[in-house]
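Take a look at the letters that make up each chain.
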Amino acid sequence: TPLPRLGATVRADYQTRSDSFSFFSRLVSVDARGRWVLQQPLAVERCDRRAASRHIVVGVSGFCFRLAQIPGQPLLGLYDVSTLGCAFVADPRRHGFSVEDHVVGQLHVPGEIPFPVEVEVRHARDYPRQSNLKIYGSRFVTMHPDHERMLGEFLLHWHRAGGVV
């Protein structure tokens, strides 16, 4: 297959251990080893259906994540939450999270008592238009069954109410 011209739109497909993704970008250059250098994509799409509905909660008061290992740590904002995981927002200069890190903290949802969770960081991406922040996507590793049930019921009611707290 011939190399696309510089500036051409290309589609990139890639896989992690459990998911597959794709994005469109522009070919910026080709390095000395023949590898393509692409412009940072605006969005990356999941190719597989999610196992659980994700609820976008960024900016909604009451949704946050507090790290357990740092006493007095300010609350980190949540970007989204589902029954299987959440995405939280943090400054990478203060919090050096890496993929596969296990993070222990408390999940806060509006009107409920915060509850302990352990998450595994699955990916990190830049926060749109705020280069000093990253969104860390994670999956729940440990959560008490009562808290799982409460979160599922809360998200169902919250969704049916149109995302109103």
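Quick caveat, the model's predicted, so the values are computed rather than measured.

Caption draft 1: Just the overall build of the protein chain, in detail. Counting secondary structure elements, the protein chain contains one helix and 11 strands. In sequence order, the secondary structure elements of the protein chain are arranged as β-β-β-β-β-β-β-β-β-β-β-α. Considering the protein chain as a whole, with its 165 residues, one finds that 35% of them fall into the buried category. The contacts in the protein chain between residues at least 6 apart in sequence include a share of 48% that link residues at least 24 apart. Counting every atom, the protein chain has about 10,500 Å² of accessible surface; 51% of that belongs to carbon and sulfur.

Caption draft 2: Structural detail: the pattern of salt bridges. Per the counting criterion, the structure on display carries six salt bridges. One salt bridge in this structure joins Arg11 and Asp13, with 2.9 Å as the shortest N-O distance.

Caption draft 3: Representation of the packing of aromatic side chains within the structure. Applying the stated criterion across every chain yields a total of eight aromatic pairs. Consider the rings of Phe63 and Phe154, whose centres lie 5.9 Å apart with planes at 65°: the pair is edge-to-face. With Phe63 in the loop between β5 (55-56) and β6 (64-67) and Phe154 in helix α1 (residues 145-160), this pair connects stretches of sequence that are 91 residues apart. Look at Tyr79 and Tyr127: their rings are 6.0 Å apart centre to centre, the planes differ by 85°, and that puts the pair in the edge-to-face class. Of the two residues, Tyr79 sits in strand β7 (residues 76-81) while Tyr127 sits in strand β10 (residues 115-127), which places them 48 residues apart along the sequence. An identical accessibility class is assigned to Tyr79 and Tyr127; each is buried.

Caption draft 4: Structural detail: the nonpolar core. Ranked by size, the top nonpolar core spans 26 residues in total, and within it Phe65, Phe88, Leu107 and Leu151 carry the most contacts. Secondary-structure elements contributing two or more residues to this core are β6, β7, β8 (85-90), β9 (102-108), β10, β11 (130-142) and α1. Sorting elements by how many residues they give to this core places α1 first, with five residues. Val89, Tyr127, Leu133 and Ile135 belong to the second-largest nonpolar core, a separate cluster that totals six residues.

Caption draft 5: The pairing of β9, seen in detail. In this structure, β6 lies alongside β9, joined through four bridges in antiparallel fashion. Looking across to β9, one finds that Arg66 is bridged to Gln106. Of the pairings in the sheet, the one linking β9 to β10 comprises six bridges and is antiparallel in character. Along β10, the bridge assignment pairs Leu107 with Phe115. Turn length for the β9-β10 hairpin, with the two strands adjacent in sequence and antiparallel, is six residues, and the turn residue Gly111 shows positive phi of about 75°.

The rules we used
- Residues numbered from 1 in each chain as written.
- Predicted model: local features only at pLDDT ≥ 70, side-chain atom pairs only at ≥ 80, totals over all residues.
- Heavy atoms only, no water.
- Helix = DSSP H or I, 4+ residues; strand = E, 2+ residues; numbered from the N terminus.
- Buried < 20%, exposed > 50% of the residue type's maximum accessible area, 1.4 Å probe, protein only.
- Contact = heavy atoms within 4.5 Å.
- Areas by Shrake-Rupley, 256 points an atom, 1.4 Å probe, with all protein chains shown as cover.
- Salt bridge = Lys/Arg side-chain N within 4 Å of Asp/Glu carboxyl O.
- Phe/Tyr/Trp six-rings, centres within 6.5 Å; stacked < 30°, edge-to-face > 60°.
- Core = buried A, V, L, I, M, F, W, Y, C linked by side-chain atoms within 4.5 Å.
- Pairing = 2+ DSSP bridges.

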